[in-house]
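Descriptive structure summary
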Amino acid sequence: MAPRSEPTARQLRLTVELRRLRDAAGLTAREAATLLGVTPPVISQIESGIAGLSEKRVRRLAANYSCADTELIDALVAMATDRTKGWWEEYRELLPTPFLNLAELEYHAAFLREAQFLFIPGPLQTEHYARAVFSDRVPELPSEEIELRVRHRMRRAATLAHAPYEAVIHEAALRIMVSDRATSRTQLAHLVESSEAEHVTVRVIPFRLEGFTSAASAMAYAGGAVPKLDTVVRDGPHGAAFIDSEAQLGAFRTLFHKVEAASLAPERSRDFIHKLAKEL
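Overview of the structure.

Analysis parameters
- Here the residue index of a chain counts from 1 through its sequence in written order.
- Note on the predicted model: pLDDT of at least 70 is required for a residue's local features to be given, and 80 or more for side-chain atom pairs to be given and counted; whole-chain, interface and lining totals, by contrast, use all residues.
- Working from all heavy atoms in the structure, the side-chain values ignore hydrogens and water.
- Comment: elements are numbered from the N terminus, with helices defined as DSSP H or I runs of at least four residues and strands as E runs of at least two.
- Burial classification: accessible surface area is computed with a 1.4 Å probe over protein chains only, and a residue below 20% of its type maximum counts as buried, one above 50% as exposed, and the rest as partly exposed.
- Note on contacts: a residue pair qualifies if any of its non-hydrogen atoms lie within 4.5 Å across the two residues.
- We call two strands paired when DSSP finds no fewer than two bridges between them.
- Definitions used for this entry: grid spacing 1 Å over protein atoms alone; cavity, a set of points where a 1.4 Å probe fits but cannot get out; pocket, an open set with protein on both sides within 12 Å along at least 5 of 7 lines; lining residue, one with an atom within 4 Å of a point.
- Grid points are joined across faces, edges and corners, and a volume is the space filled by probe spheres set on the points.

1. A word on unusual backbone geometry
If a residue is not glycine, its phi is most likely negative; likewise, a peptide bond is most likely trans. A cis amide bond links V138 with the next residue in sequence, P139, at an omega value of -5°. Along the chain, P139 falls in the loop between α7 (127-135) and α8 (143-156). The phi dihedral of S66 falls on the positive side, at around 60°, and the residue is not glycine. Considering the arrangement of structural elements, one finds S66 in the loop between α4 (55-64) and α5 (70-81). With a phi angle near 70°, E93 is a residue other than glycine that sits in the positive phi range. Within the secondary structure, E93 is located in the loop between α5 and α6 (97-108). Owing to a relative accessible area of 79%, E93 belongs among the exposed residues under this scheme.

As structure tokens, this is what we get:
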């Protein structure tokens, strides 16, 4: 396979998992190369995402690493052999790479969960709301890039059509007006409409909740084909940060369940949003 110049986050995640399997087996890259019958630079290229992988090679690596987790191996094979050219590729070299990686992650996710406290979750934003968010950047973005980001965000919403999606939103995010009242009303109405889809769940955490200390737990959680391949996405000062270590994934699962437990039931949340919209 031809070497890659810029592996995607999904391709790099595959290499991370293969390296973890090698480390768990107690093998050096040189020892792994000997078992596979290749030179050490080949292992280096595989684990850096530069070299593509066939199903046969993934299964040989897993066998040499004494991995008996068949579900994980099958999932890694699927990642290695996937040749999907998703809609996000239209934006390559037009938008920062994290935008493409996030869209790719959501596209392949088995389920999606999100907790937000200051903004409406991206996949649930209206066009006018998203434009207001991107227009408030410092330093300001060129108008052409703002429109690209808005179109990209609207395309991400299509991901909700294939994966179960649950969003937990704090009342603060519902009340903050990123633009004008009309934009906020439309956004809240869109939230109510979206929440009526069978595979979409929207929950609200009201201000009146006592003892809530998890506001720093804003996250997007994407379920993998197996739990070991789950990913947490958190916004950082230089773009989205992808978290995939087993210990941190466990901590974020616990945090999300705490946030979820603090929220209103979906029906009460829908009524809450509808009432708030009428107050604007």
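Now that the structure has been shown, the text picks up again.
2. A few points about the side chain of T183
Tracing the sequence through the fold places T183 in helix α10 (residues 181-195). Judged by its relative accessible area of 12%, T183 is buried. Not counting chain neighbours up to four residues away, the residues in contact with T183 comprise H128 and Y129.

3. Here's the deal with the pairing of strand β1 (residues 111-116)
As paired strands, β1 and strand β4 (residues 219-223) are joined by five bridges and run antiparallel to one another. When the bridges of β4 are listed, L112 appears paired with A222.

4. A few points about empty space enclosed by the protein
Applying the stated criterion across every chain, the model contains three cavities of 30 Å³ or more. As for the largest cavity, its lining consists of L102, L105, E106, L112, R113, E114, P123, Y165, A220, Y221, A222 and V233. For the lining of the largest cavity, the secondary structure elements donating two or more residues are α6, β1 and β4.

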